[in-house]
Structure formats: C-alpha cells, structure tokens
Amino acid sequence: LVAAGGTIQLSGFDISTISASTLDVLDGGQATLSGVSILNTSGRVRLTCAAMLRGCNPPVLSVQGNSQLNIGDNLLLDGTVTVQVGSTAMVNLAGNFDNQSGSPNLFNWASSPITLNGMAPQSFEMAGQDFLDSNPAGFINNFAMGTVRVEQGRTVNFNNNFDNLPGAGCEVLYVDTLVLEAGSTINLNGCNVYYRQRDQHPSAIVNLNGGELKSAL
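Residues numbered from 1 in each chain as written. Predicted model: local features only at pLDDT ≥ 70, side-chain atom pairs only at ≥ 80, totals over all residues. Heavy atoms only, no water.

(A) How the structure looks around the overall build of the protein chain. Check the secondary structure of the protein chain and you find zero helices and 21 strands. Since a compact globule built from 217 residues should have a radius of gyration of about 17 Å, the 17 Å found for the protein chain is in line with a globular shape. Expressed as a percentage of contacts within the protein chain between residues at least 6 apart in sequence, the contacts between residues at least 24 apart total 55%. Positive and negative side-chain charges in the protein chain, numbering 8 and 16 respectively, have mean positions lying 2 Å apart. (Helix = DSSP H or I, 4+ residues; strand = E, 2+ residues; numbered from the N terminus. Rg over C-alpha atoms; globule rule 2.2 N^0.38 Å. Contact = heavy atoms within 4.5 Å. Lys, Arg positive; Asp, Glu negative; His and termini not counted. Charge placed at Lys NZ, Arg CZ, Asp CG, Glu CD.)

(B) Looking closely at the environment of V150. Summarising the element assignment, V150 is placed in strand 15 (residues 145-150). For V150, a relative accessible area of 0% corresponds to the buried category. If we skip the residues at most four places from it in the chain, V150 touches L116, V156, V179, L180, E181, S184 and I186. (Buried < 20%, exposed > 50% of the residue type's maximum accessible area, 1.4 Å probe, protein only.)

(C) Unusual backbone geometry, seen in detail. Phi angles above zero are rare outside glycine, and N141 is one such case at about 45°. Structurally, the position occupied by N141 is in the loop between strand 14 (122-125) and strand 15. Backbone geometry at N189 places phi at a positive 55°, although glycine is not the residue there. In this fold, N189 is placed in the loop between strand 18 (185-187) and strand 19 (193-200).

(D) Structural detail: the nonpolar core. F97, W109 and M145 are the most contacted members of the largest nonpolar core, which has 46 residues in total. Residues within four places of W109 in sequence aside, it is in contact with L75, V83, V85, V91, F97, I114, A144, M145 and G146. Grouped together as the second largest cluster of nonpolar side chains are six residues, F139, V172, Y174 and A216 included. (Core = buried A, V, L, I, M, F, W, Y, C linked by side-chain atoms within 4.5 Å.)

(E) Inspection of the environment of V25 at higher detail. You can see V25 is positioned in strand 3 (residues 23-25). In the structure, V25 is positioned 24 residues away from C49 in sequence and 8.6 Å away in space, judged by C-alpha atoms.

(F) Just the pairing of strand 4 (residues 30-33), in detail. Here four bridges tie strand 1 (residues 7-10) to strand 4, and the two strands are oriented parallel to one another. Residue pairing for strand 4: I8 is matched across the bridge by A31. The pairing of strand 4 with strand 7 (residues 60-63) spans four bridges and is parallel. Pairing of A31 across the sheet is with L61, part of strand 7. (Pairing = 2+ DSSP bridges.)

(G) Spotlight on the packing of aromatic side chains. In this structure the tally under the stated criterion is seven aromatic pairs. With centroids separated by 4.5 Å and ring planes inclined at 15°, the aromatic side chains of F97 and F124 adopt a geometry described as stacked. Placement of F97 in strand 12 (residues 97-100) and of F124 in strand 14 is noted, with a sequence separation of 27 residues between them. A single burial state applies to F97 and to F124, both of which are buried. Ring geometry for F139 against Y174: centres 5.3 Å apart, planes inclined by 65°, an arrangement best described as edge-to-face. Of this pair, F139 sits in the loop between strand 14 and strand 15 while Y174 sits in strand 17 (residues 173-180), placing them 35 residues apart in sequence. Assessed through its relative accessible area of 13%, F139 is described here as buried. (Phe/Tyr/Trp six-rings, centres within 6.5 Å; stacked < 30°, edge-to-face > 60°.)

(H) Molecular detail of the state of the cysteines. Enumeration according to the criterion identifies two disulfides in this entry. With cysteine numbering restricted to those in disulfides and following the sequence, the protein chain has the pairing 1-2, 3-4. (Disulfide = S-S within 2.5 Å.)

(I) Region of interest: the side chain of T41. Within the secondary structure, T41 is located in strand 5 (residues 38-41). Non-local contacts of T41, meaning those with residues more than four positions away in its chain, are made with A20, S21, L23, N70, I71 and G72.

Dropping the structure here:
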C-alpha cells in the first residue's frame, strides 16, 4: 500500500524481486520500478485519486529500464492518475485492464508492451477518442499503447464500459503493434481497434461483433 505522499522504489543493476498480494497507489503516492527490478503481485494493482476539496495530486506508476511488473489480477486506473511505462520495460497482466481515467495526457504507454496472459477471459477497457484510421492524432495523448500481446490460447474482450472522454460513440484503442499468439481469441464488441503492425497467428480468432480491426495509415 502506498498512501498519500508515499513512495516505493525498486532499482539497481542486480535483479531484485519483490512479491506482494496487492499494490495500491493513492493520492500523491508513487511506485517506481527501474533497472532490472521485478515486482510480482498475486492480486490487483490500483491507482486511484478521489476528488477532494483540496484537489487531487495524481498517483504515479512508473515502470522503466528493463524492469518487469507481473500482475496476478486486475490493473485499475481510477481518476486522475499518471502511468509511465518505458520502451524496454515489461508488464504482464493476468486480470482485466480497467482504465477509468479521464487524463490521456498523463498516460504514457505508447512505446511499451503489455502481455495479456490470464487463464480466464480478460476484459480490456478501450479509452481513446475515435479519429478513424488515417489520422495520426489517434496516437497522441489518446491512451495509445505500444504493443498489446495476447498470449497463446488466451481470450480478451475489448470493451467500452466506462466513458473516459467526452463525446458520443464508442471509444477505441490505438496500438502500434498487435500480437495475437496461436489459439488466442479477441472479441471487439462493437468498438474499433486501430494498429500500425499486426502479427496474427493463423489459428488466432478475431470476432468483430460489430467492431472493426483496421490498419492505421
């Protein structure tokens, strides 16, 4: 638990591994992984900043260097929160990607990977504004991701259950690289995913369900 103003920092050139049940980063708190550190949680990781009279000091989750964050349950982003994931860091998620943030300018995952490896079907909250497939604005301050990888045999439901940004219509996901491993399944459920690169195994299944999986020019 990182309380208001608290800090957890894992760093160094030697591999250091910490295991915990859950990680909660609250108003003003900061959790930073760098170097070659590894943090394993059997339960959720949650960033939350409730609106108060004095305002909100956004909590920070920063995963940098060659560090690795392995989450055994859900990743919840709740309210005004800061997320920074470096291009060589790794995040593995076994639960849902539950993005309830309305601050895309504080979300920096555009050059970084996330691997979805839950044994049960997972939910991925799409939060970006839909600029269609030919507008590069979709990748700028719009909850874009670097690489989304769905592991072998896993199922991921891409949903729009939370209204992250103002405007009508379904929110979407812009991703630089979408990787669908052998036997994986994704369900778009009426919303769109735009990608620059797509690596799909022949046995992977894409169910559009009224959505679109389109190349972003």
